[in-house]
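# Per-entry structural report
Chain by chain, the residues:
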Amino acid sequence: MDSLHSTRIYTPPMATAPASAKWSRTVAVPWTRLFSPSPATPPLLLLGRTCPAPACRRLYGMGSSSRPNAVVLGEAIAAEEVDLVVPSHDFSRDALVSSPEQYQQMYKRSIEDPAGFWSEIASQFDWKERWSPEVCSENIDVRKETVKIEWFKGGVTNICYNALDRNIEAGNGDKVALYWEGNEPGQDGQLTYAQLLEKVCQLASYLKHVGVGKGDAVVIYLPMLMELPIAMLACARIGAVHSVVFAGFSAESLSQRIIDCKPKVIISCNAVRRGAKVIHLKEIVDNALVESTKNGVPVDLRLIYENESAMDKETTKWQEGRDIWWQDIVPQFPTKCPVEWVDAEDPLFLLYTSGSTGKPKGVLHTTGGYMVYTATTFKYAFDYKPSDVYWCTADCGWITGHSYVTYGPLLNGATVLVFEGAPSYPDAGRCWDIVDKYKVTIFYTAPTLVRALMRDGDEYVTRYSRKSLRILGSVGEPINPSAWRWFYNVVGDSRCPISDTWWQTETGGFMITPIPGAWPQKPGSATFPFFGIEPVIVDEKGNELEGECSGYLCIKKSWPGAFRSLYGDHERYETTYFKPFAGYYFTGDGCSRDKDGYHWLTGRVDDVINVSGHRIGTAEVESALVSHPHCAEAAVVGVDHEVKGQSIYAFVTLVDGIPYSNEVRKSLILAVRSQIGAFAAPDKIHWAPGLPKTRSGKIMRRILRKIASRQLDELGDTSTLADPSVVDQLIEVSDR
């Protein structure tokens, strides 16, 4: 029998427990269970300098009086006092990475022998020609020479072939590749891997027919129809460079991207219905091309898909000879299309992300390294099994949709759910209705959506079974501990680990992430680095900080999925990412590392407010506000203050049924004072019926700053918002 670990396991007072809660009473957990399914001597979670042995000993209560409150996955809810959620024996036993020891061995090799580690993984894919002996060639130190990153140079492959043909050749042609759920309940469809390949080949053949070839750009402005990943894969098959633009961007934003990448073809549809609202996408394309033509970039061909659930052909504005209906022409082309084999360093896609100068940055990802990295991160971070049904709620207009809706899952032969609609339409139970309908096992979404669903109430979740779920995931911003606990306790029934992933458009894939089954999780922490990633935390002078600390998050060496440049502006690439801290890739994010080596992302460093010399992360204040039982969601910005330099301005959405009042306002401020300190207390609480968000859930803080500063004539483009009317509501209630 295992000796019992002396860590105190939290047993809450039964008088305060809700009737539906699952509590562990007197729980004695063998200390070996806290980090290994094996009764052998537990390994230390040695991550080089990121988690020294003494810290790991503290984490597991060895030789320290400061010990964590822990619960075991599936045995009890993660109450506010719980510090750790420990993998159960059964979960770890079946996991791809089943212990800290296994992770440690793999991580150590990935750092000490990256060429061998990644070559071994890359060899599992199909290559027309193998890469050169120099697996990685890099310089990320601007003081030496031009920044350059290359992986698998000389290797010849094709990502579409690896995502589709390879899986079919392995006997998975009849496996469902894509499920599609439309905006309205009851609208659905599916494609097997064999059917998907035929659709991709037809579009690829058409694109070749109209003159699109290797290296040519194609802009894709589509909603979440199956035709969106089809278009991405068709471009990749013939070596064209796709640039997906989120089908919510305005004509002005779309025209900027068209002018920059100069596409041969634009692929779009006539309209999309989101919730009860119809958005006329073709009209936006037409207006964007008027502007791009004025700037010398006409596009003579527009392939338009008829999205008949939103608009029919007859009511679509049309120009013969220029506009082509997808359904009229693409099905006429052959269902087989030869692959264009490309070098590993040939471009795969451009994805534009917002820049501080106002001009979008065209992030350039290449083929081979991105393929290997996205496939590997998907596999391990979600503990992928061939029987899984995977749903990521992100749009393919963002990097998450590229890496973890299309490429990463399909490269693993996964079954992927694509959802066109709004997550709260027709009501807040839609997500869980979909989960039950398709027996979704892995659910990956944004903290903003988690908080919104949390606000709507548990009853929308608990009316559905959700028994199929086994892994949850979070992406896009740091998830505050209270939202993490709700996601874990209510959505996951306290039995699903949460892969709280940190990464960026620029990184291509996960950088710091839990690996389910490998180690205990802390609510709100991204935990430890993925294989091959060497994160460091530096101070303002670029000095690496050891142990428990806070500072700027940088990456020490390149990784296969790293972006290679900013399209047409390599100087900006170097200035933005490599000059702030020479010798490192600068993420732009702040990060804390606790005494146990766990990483806590604190948000963008440009989201730091300087109040009377105190540098305060907005995410930290937001987390304190959302921990209040009456607060459903919060967003914090800084505004100029004549004495303090800046003051803290908080937009707060209350839980349904809680009225605005001075008492609640004071209570919220007190919550921040008690959790962080008086210096972090908001000067202003602005009641918010809702927050301005993109469809992907990203809060548009630029708009909030303008409202807080009363610069209402400088709000800019609000067309990308899921609900633009929220802006007027916020202005209306600003003086309450």
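Look up a bit, the structure's there.
What counts, and where the lines are drawn
Residues numbered from 1 in each chain as written. Predicted model: local features only at pLDDT ≥ 70, side-chain atom pairs only at ≥ 80, totals over all residues. Heavy atoms only, no water. Salt bridge = Lys/Arg side-chain N within 4 Å of Asp/Glu carboxyl O. Helix = DSSP H or I, 4+ residues; strand = E, 2+ residues; numbered from the N terminus. Buried < 20%, exposed > 50% of the residue type's maximum accessible area, 1.4 Å probe, protein only. Pairing = 2+ DSSP bridges. Axes fitted to C-alpha atoms, helices over the stretch in contact; angles between N-to-C directions. Polar contact = N/O pair within 3.5 Å; in protein donor to acceptor, adjacent residues only side chain to side chain. Contact = heavy atoms within 4.5 Å. 1 Å grid on protein atoms, 1.4 Å probe; cavity = no way out; pocket = protein on both sides within 12 Å on 5 of 7 lines; lining within 4 Å. Points joined across faces, edges and corners; volume = space filled by probe spheres on them. Nonpolar A, V, L, I, M, F, W, Y, C, P; charged D, E, K, R; others polar. Core = buried A, V, L, I, M, F, W, Y, C linked by side-chain atoms within 4.5 Å. Phe/Tyr/Trp six-rings, centres within 6.5 Å; stacked < 30°, edge-to-face > 60°. Lys NZ or Arg CZ within 6 Å of the ring centre and 35° of its normal.

### Re the pattern of salt bridges
- By the definition in use, this model includes 33 salt bridges.
- As a salt-bridge pair, E181 and K437 come within 3.0 Å of each other at their nearest N and O atoms. Residue E181 is located in strand 6 (residues 176-181), and its partner K437 is located in helix 13 (residues 430-438); the two are separated by 256 residues in the primary sequence.
- On the basis of relative accessibility, which here comes to 1%, the residue E181 falls in the buried class.
- One salt bridge in this structure joins K522 and D596, with 2.7 Å as the shortest N-O distance. Taken together, the positions of K522 in the loop between strand 22 (498-500) and strand 23 (535-538) and D596 in the loop between strand 26 (585-593) and strand 27 (599-604) put the pair 74 residues apart, joining distant regions of the chain.
- Judged by relative accessible area, K522 falls into the buried class, the value being 9%.
- Among the charged side chains, a network of salt bridges with common partners joins K282, D286, R302, R322 and D323.

### Here we look at the sheet that holds strand 27
- Within the open sheet, the four strands sit side by side as 23-24-26-27. Their pairing is antiparallel. Edge strands, defined here as strands with exactly one partner in the open sheet, are strand 23 and strand 27. Adjacent strand axes in the sheet meet at a mean angle of 45° when their direction is disregarded.
- Of the pairings in the sheet, the one linking strand 24 (residues 549-555) to strand 26 comprises six bridges and is antiparallel in character. For C554, the partnering residue across the bridge sits in strand 26 and is F586.

### Considerations on the side chain of T527
- Within the fold, T527 resides in the loop between strand 22 and strand 23.
- Within the structure, the side chain of T527 is placed 3.5 Å from the backbone oxygen of T513, a separation counted as a polar contact.
- Other than its neighbours up to four places away in sequence, T527 contacts I512, T513, P514, W519, G597, Y598 and H599.

### Examining the layout of surface pockets
- When its volume is computed, the second largest pocket comes out at roughly 1,000 Å³.
- Contributing to the lining of the second largest pocket are 44 residues, with P423, T694, R695, A722 and D723 lying nearest its centre.
- Residue assignment for the lining of the second largest pocket shows that the elements contributing at least two residues are strand 12 (277-279), helix 14 (447-456) and helix 21 (725-732).
- The biggest single contributor to the lining of the second largest pocket is helix 14, with five residues.
- Across the lining of the second largest pocket, the residue classes tally to 19 nonpolar, 16 polar and nine charged.

### Notes on the nonpolar core
- Counting residues in each nonpolar core, the largest one holds 189 residues, and the members touching the most others are F152, L196, L203, L207, I267 and F531.
- Among the elements that take part in this core, helix 6 (residues 193-209) stands out by supplying nine residues, more than any other.
- Filtering out sequence-adjacent residues up to four positions away, I267 remains in contact with L203, L207, V218, V219, I220, Y221, L222, A231, L303 and W326.
- In this structure, V611, A634, V672 and A680 belong to the second largest nonpolar core, which totals 21 residues.

### Some points on the sheet that holds strand 18 (residues 389-392)
- Taken together, seven strands build an open sheet; the order of strands is 7-6-19-18-20-21-22 and the sheet is mixed. Pairing within the sheet leaves two strands with one partner each, and these edge strands are strand 7 (188-192) and strand 22. This sheet shows a mean twist of 20° between the axes of neighbouring strands, independent of strand direction.
- Of the strand pairs in this sheet, strand 6 and strand 7 are connected by five bridges, and their pairing is antiparallel. Paired with W180 across the strands is G189, a residue of strand 7.

### Observations concerning helix 16 (residues 481-491)
- Among the eleven residues that make up helix 16, ten are buried, leaving the element largely enclosed by the rest of the structure.
- A positive phi of about 50° marks D493, the residue just after helix 16.

### What to know about the packing of aromatic side chains
- Considering all chains together, one arrives at 54 aromatic pairs under this definition.
- A centroid spacing of 4.9 Å and a plane angle of 55° characterise the contact between F530 and F531, whose relative ring orientation is tilted.
- The exposure class of F530 is buried, given its relative accessible area of 0%.
- Residue classification places F531 among the buried positions, given a relative accessible area of 0%.
- Ring plane angle 40° and centroid distance 5.4 Å describe the contact between Y552 and F581, whose orientation is recorded as tilted. Note that Y552 is positioned in strand 24 and F581 in the loop between helix 17 (570-577) and strand 26, a separation of 29 residues in sequence. For the pair shown, Y552 and F581 are each scored as buried.
- A network of ring pairs unites the aromatic residues Y103, Y107, F117, W118, Y373, Y380, W519, F528, F530, F531 and Y598 as a single cluster.
- In this arrangement the basic side chain of R257 is found over the ring face of F249, its NZ or CZ atom lying 4.4 Å from the centre.

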